[in-house]
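Chain by chain, the residues:
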Amino acid sequence: MFSIHRFILLLIFIIISVLYAVFSYFYLDDQQSKTDLVVENIRQDLSETAYVISSEMDGIESIQAFKAFLNRKVANTPLIRAMVVSYRNQILLTTDTAITQIPPEKEIISKFREVSNEALIKHLKFETKARFYIQDQPHYFNLLVYIDKDYIDHTFHQHTLNFLVFFGLIPMLILTFLWLVLRLYIINPLELLRQYAYYESKVPKRFEIKEVEYVRSSMVQTFSRLEHEKKELYKLARTDNLSGLANRNQLNERLSWLISEHSRSKSEFALLFVDLDNFKSVNDSLGHDIGDDLLRNVANLIQEVLRQYDIIARIGGDEFVIVLNHYKNTLELSHILQRILDRLSEIHIVQSHPVRVSGSIGVAFYPKDGADTTSLMKNADIAMYEAKKSGKNQYKFFTQALQQQVVAEIEMEHNLRNALKNHEFQLYYQPKINIETDTISGAEVLIRWVHPTKGTIPPDQFIPCADKTGFIVELGQWVLNEAIQQQIAWKKAGIYDLKISVNISASQFLDERFDEKLKRLLESSRVDPTKVDAVSSNNCNF
Amino acid sequence: MMKFMKVMLLLFTIANLASCSTQTEPPLKIIANSWIGYSPLFYAKESGWLKPLNIQVSTVISLGESLNIYETAELDAFTGTQYEYSQAQQKDSSLLPIMMFDRSNGGDSVMANQTIKALQQSTETIDVYLEMHSVNQLIFKDFIKQHQLTDKTFNFINKDQLKIYSIIKSTRPSNPFIVVTYVPYSQKLAKLGLQELASTRSGLDLLVVDALFTPKKTFLQHQTQFAQLKSLINQAIIELEKNPFHYYEKVKPHLENTGYEDFQASLKEIEWLNTPLKPELIKRLNDSHFPTRNLL
């Protein structure tokens, strides 16, 4: 594959070669034509002169009468330097007295066909033989012509010089000029475009050639558009669409950078996990549009409270993460946190609706509470939940105790799920006595966890955890199912047809599918619905 | 449209190149002297018939000059008698007679300022004006042999016919002299008072024919052109028979200052040989080493 540079050089080289081959051929052909013309002139002169002499001379002695004729001929013909008449190798007449001897035969051209330029320049002597009569006897004399060397040299050298100038130098100059023009207007612009395309170096200046300029302007437009789109995509990839704050990607990126910076300086920064309180109810009651506008408001408020260099990100529905690394001490940090909480708890006017929300903030410190992004986020989240649990609209710092509590809760949830799977839960039925009739009017269902190693565990030790983790919905459903089956079994056995009371937790009631599951259970078991009493509980009564 | 233009341009270029190549073909060059027998050649030239055949005809005064130029200028063909043929053949053995023009039937003659008898009786040196390097020489030798003049002393004056006429006209020599000549110069000399002593019609044993000669190689190379030329020569003779005056007007510049009457008289001094030759003539030509097999 050629570069355009080499390609054009090769093209010019081929053009020069072809032109010079043609010119050389033409030059040689022209030289020969000129030689032929000169030789033909000489032949005509010789023929004419020889004929005049041969037809006019009456004998050898009369040859002197032609001296004036020959001198005139030489004087009139710049091509001819001298003419000599010889007879039997003796010079009878010469126009140049310096010529005293007949030149050797090999130095004389006597055949006029196909005389080369070299032979003409080399020999410079031509000869013809002419007949004359002494009475009726034919005799022959030789007529020699000496060519003027300077004239021939000048003629052919001038010719050569003209060729060199007009067909050698001028085409070369034209091609050099063409090369420079091509280089200036085509090759260099293309090279600049190549560099621009490859390295995205500086934008080339406007070009003179229309097509090249079109390519340049198209490239500039395309690159600008791509650059703009790249920035847009980069921004989109790092920015939260709704709030315009940093998203999780940007947060992770900036946090990683911040961690590496602070690991070197061994300094501290704080990661705040902010969650709006009661945001779900705003969404549910006023709609998602208002919810979105509220989030935008909150984002703006946080930006107003904080400084430019603080990192603010929205990482979920109503979850924000803030990274603060420019505070003098915990007191200043507390003031900042309080300012955020105060601004959040102000009444927000969203689409003419006064909305009141608050925020719960969990705080974790680098490196004390986590040396990496994940642990910092997790611990701040734990602290945030602690704040929520403690009544919302407040902030909590992450502590080891919190950590342990969370670990315990996680372990508890895991054990509870295993317990359900392993049938470790048992139901106890506490009879209800009608004092007036002194009869059993019903039974209240109580749950116990019979742990294989720890023995019977009362509900107050696991129900709160089940409620907190959401496991209470699954457990409550199991309880309801078991209790109904037991009621039916008793009835079938003819022992009791008691109304059983089952405690239903608030979480169960809030479960959207609770009604449907209850109906299906009642239908499938064919229990008398009046025999099942669902009682809302505060959990501890399980 | 662009494609059509390109095709047209290509065809135009090819046509131009083709026409260039035709024009660069060198012409067939023939040299002839001012002889009435070659007038069909001049007629063809003046009628513009030779141009399409790419044939060039040049005219000179004398027979000797014609041969000389043929040899020095290396032309393709020349006209002449069997004498010029034999002279030229010594240098180029491939030379062939390819086209007959005429047979001299009084056209070549020997003239003098005295009668044969007076010449026979003369003891003075007799000047002989002739074109040495031509058939004149053969005619003269035949003449002195036929008329018992071989023992006389002659002074040969080698000039072309025009010069001979000029010298005699201007000097009017009184000493005995002989002129070997041919028409139209014979007619001019007759007007100066010279009397014809012998001619190819009577008084000479010599056969003089006029033909076109060329080397074998040239003949083969230009055979078609020569064949076409032969047709044109025949056509020119037909034109002469149809309208001699018109013919004369065309060929006049090539014949030295002859009037129409002289021209008509000259025609009687030759016999056209454009038709197939008679067997006895062929035999006579062959006997004198004049090949006839290549004649067109």
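Predicted model only: the values in this text are computed from it and were never measured. (Residues numbered from 1 in each chain as written. Chains lettered and ligands numbered in written order. Predicted model: local features only at pLDDT ≥ 70, side-chain atom pairs only at ≥ 80, totals over all residues. Heavy atoms only, no water.)

## A few points about the overall build of chain B
The number of helices and strands found in chain B is 13 helices and 11 strands. Out of the 296 residues belonging to chain B, those deemed buried represent 55%. For chain B, restricting intrachain contacts to residue pairs at least 6 apart in sequence, the fraction spanning at least 24 positions comes to 82%. With an accessible surface of roughly 13800 Å², chain B has 54% of that area assigned to carbon and sulfur atoms. (Helix = DSSP H or I, 4+ residues; strand = E, 2+ residues; numbered from the N terminus. Buried < 20%, exposed > 50% of the residue type's maximum accessible area, 1.4 Å probe, protein only. Contact = heavy atoms within 4.5 Å. Areas by Shrake-Rupley, 256 points an atom, 1.4 Å probe, with all protein chains shown as cover.)

## Observations regarding the overall build of chain A
Scanning chain A from terminus to terminus reveals 15 helices and 16 strands. Out of the 542 residues belonging to chain A, those deemed buried represent 42%. Within chain A, counting contacts between residues at least 6 apart in sequence, those at least 24 apart form 62% of the total. When the accessible surface of chain A is summed, it comes to about 31200 Å², and 54% of that surface belongs to carbon and sulfur atoms.

## Quick look at the packing of aromatic side chains
Residues and elements named next belong to chain B. Per the counting criterion, the structure on display carries 41 aromatic pairs over all chains. Here Tyr 43 and Trp 49 contribute two aromatic rings whose centre-to-centre distance is 5.5 Å and whose plane-to-plane angle is 75°, an arrangement assigned as edge-to-face. Ring-pair connections join several aromatic residues into one group, and the members of that group are Tyr 43, Trp 49, Phe 245, Tyr 247, Tyr 248, Tyr 260 and Phe 263. Here Lys 188 stacks its cationic end above the ring of Tyr 165, 5.4 Å away from the centre of that ring. Directly above the aromatic system of Tyr 43 lies the positively charged group of Lys 250, at a separation of 5.5 Å from the ring centroid. (Phe/Tyr/Trp six-rings, centres within 6.5 Å; stacked < 30°, edge-to-face > 60°. Lys NZ or Arg CZ within 6 Å of the ring centre and 35° of its normal.)

## Topic: the packing of helix H1 (residues 4–56) of chain A against helix H2 (residues 67–76) of chain A
Residue and element names in this part refer to chain A. Relative orientation of the contacting elements H1 and H2 amounts to 165°, with a least axis distance of 11 Å. One way to sum up the angle between H1 and H2 is to call them roughly antiparallel. In the packing of H1 onto H2, the handedness of the crossing is right-handed. Where H1 approaches H2, its residues Asp 45, Glu 48, Thr 49, Val 52 and Ile 53 are matched on the opposing element by Phe 69, Leu 70 and Lys 73. Split by residue class, the contact of H1 with H2 holds four nonpolar, one polar and three charged. (Axes fitted to C-alpha atoms, helices over the stretch in contact; angles between N-to-C directions. Parallel < 35°, antiparallel > 145°, perpendicular 65-115°, else oblique. Left-handed = near helix turned anticlockwise from the far one by under 90°. Nonpolar A, V, L, I, M, F, W, Y, C, P; charged D, E, K, R; others polar.)

## Quick notes on the pairing of strand E8 (residues 347–350) of chain A
All names here are of chain A. Of the two faces of E8, the one lined by His 348 and Val 350 is fully buried and the one lined by Ile 347 and Ile 349 carries no buried residue. As paired strands, E8 and strand E9 (residues 353–356) are joined by four bridges and run antiparallel to one another. Residue Ile 347 lies in a different strand from E9, and its bridge partner there is Arg 356. From the end of E8 to the start of E9, which pair antiparallel, there are two residues, and Gln 351 there has a positive phi angle of about 45°. (Pairing = 2+ DSSP bridges.)

## Quick word on the sheet that holds strand E7 (residues 154–158) of chain B
Residue and element names in this part refer to chain B. With mixed pairing, five strands are arranged side by side in an open sheet as E7-E6-E8-E5-E9. At either margin of the open sheet sits one strand with a lone partner, and together these are E7 and strand E9 (195–199). Going across the sheet, the axis of each strand differs from the next one's by a mean of 25°, ignoring polarity. In this structure, strand E5 (residues 108–112) lies alongside E9, joined through four bridges in antiparallel fashion. Across the sheet, Met 111 pairs through a bridge with Glu 196, a residue of E9. Contacts between helix H7 (residues 161–171) and the sheet are confined to strand E6 (126–130) and strand E8 (177–182), with E8 contributing the most and set at about 140° to the helix.

## Focus on the nonpolar core
Residue and element names in this part refer to chain B. Formed by 66 residues in total, the largest nonpolar core has its most connected members in Phe 140, Phe 143, Phe 154, Ile 178, Leu 212, Leu 229 and Phe 263. In this structure, this core is formed jointly by two domains, domain 1 (2–103 + 209–287) and domain 2 (108–199), each of which donates at least three residues. Once you skip the residues sitting within four places of it in the chain, Leu 229 turns out to touch Ile 30, Leu 41, Leu 50, Leu 53, Ile 55, Met 99 and Leu 212. (Core = buried A, V, L, I, M, F, W, Y, C linked by side-chain atoms within 4.5 Å. Domains from an automatic or database assignment.)

## Thoughts on the pairing of strand E6 (residues 311–314) of chain A
Residues and elements named next belong to chain A. The alternating pattern of E6 places Ile 311 and Ala 313 on one face and Ile 312 and Arg 314 on the opposite face, and all of these are buried. The pairing of E6 with strand E7 (residues 319–324) spans four bridges and is classified as antiparallel. Paired with Arg 314 across the two strands is Phe 320, which belongs to E7. Following E6, the chain reverses through four residues before pairing antiparallel with E7.

## Looking at helix H3 (residues 63–72) of chain B
For H3(B), the tally of buried residues reaches eight of 10 residues, placing the bulk of the element in the interior. Immediately beyond the C-terminal end of H3(B), within one or two residues, lies Glu74(B), with a positive phi of roughly 50°.

## Re the sheet that holds strand E11 (residues 395–397) of chain A
Residue and element names in this part refer to chain A. One open sheet holds the five strands; their spatial order is E6-E7-E5-E10-E11, and the pairing between them is mixed. At either end of the open sheet lies a strand with only one pairing partner, and these are E6 and E11. In this sheet, adjacent strand axes meet at a mean angle of 20° when their direction is disregarded. Each of strand E5 (269–277), E7, strand E10 (358–366) and E11 touches helix H9 (residues 330–344); the most contacted strand, E10, lies at about 155° to it.

## Describing the interface of chain B and chain A
Between chain B and chain A, the contact holds 19 residues from the first and 13 residues from the second. Buried area between chain B and chain A, both sides added, is near 1500 Å², and the carbon and sulfur share of it is 39%. Three residues stand out in chain B for area buried against chain A, namely Thr72(B), Glu74(B) and Phe156(B), and they jointly supply 31% of the buried area on that side. Viewed at the interface, chain A and chain B are joined by one salt bridge. Where Lys163(B) meets Glu56(A), a salt bridge forms, and the shortest distance between an N and an O atom there is 2.5 Å. Our count for the contact surface shared by chain B and chain A stands at five residue pairs in polar contact (both at pLDDT 80 or more). (Buried area = accessible area lost by both parts, 1.4 Å probe. Salt bridge = Lys/Arg side-chain N within 4 Å of Asp/Glu carboxyl O. Polar contact = N/O pair within 3.5 Å; in protein donor to acceptor, adjacent residues only side chain to side chain.)

## Description of a nonpolar patch on the surface
Nonpolar side chains collect at one region of the surface, where Phe2(A), Phe7(A), Leu10(A), Leu11(A), Phe13(A), Ile14(A), Ile15(A), Val18(A) and Val22(A) lie side by side and expose about 830 Å² of accessible area between them. Take Val22(A): its relative accessible area is 47%, and that puts it in the partly exposed class. (Patch = residues over 30% accessible without salt bridge, like charges linked within 9 Å, V, L, I, M, F, W, Y side chains within 5 Å.)

## What about the environment of Leu143(A)?
Residues and elements named next belong to chain A. By the secondary structure assignment, Leu 143 is in strand E4 (residues 137–147). Accessibility expressed as a relative area gives 0% for Leu 143, which makes it buried. Each C-alpha atom, one on Leu 143 and one on Ile 91, is 9.8 Å from the other, the two residues being 52 residues apart in sequence. Each residue touching Leu 143, except ones within four places of it in the same chain, is listed here: Leu 46, Thr 49, Ala 50, Met 83, Val 84, Val 85, Phe 126, Glu 127 and Thr 128.

## Topic: the environment of Leu70(A)
Residue and element names in this part refer to chain A. Position of Leu 70 relative to the elements: it lies in helix H2. Residue classification places Leu 70 among the buried residues on the basis of a relative accessible area of 0%. Leu 70 sits 25 residues away from Thr 95 along the chain, and the two C-alpha atoms are 6.8 Å apart. Once you skip the residues sitting within four places of it in the chain, Leu 70 turns out to touch Thr 49, Ile 53, Met 83, Val 85, Leu 93 and Thr 95.

## Let's talk about unusual backbone geometry
For residues other than glycine, phi is negative in most cases, and the peptide bonds are mostly trans. With omega at 0°, the peptide bond leading from Tyr366(A) into Pro367(A) counts as cis. On the secondary structure map, Pro367(A) appears in the loop between E10 and helix H10 (373–389). In this structure, Pro184(B) follows Val183(B) across a cis peptide bond, with omega equal to 10°. In this fold, Pro184(B) is placed in the loop between E8 and helix H8 (185–191).

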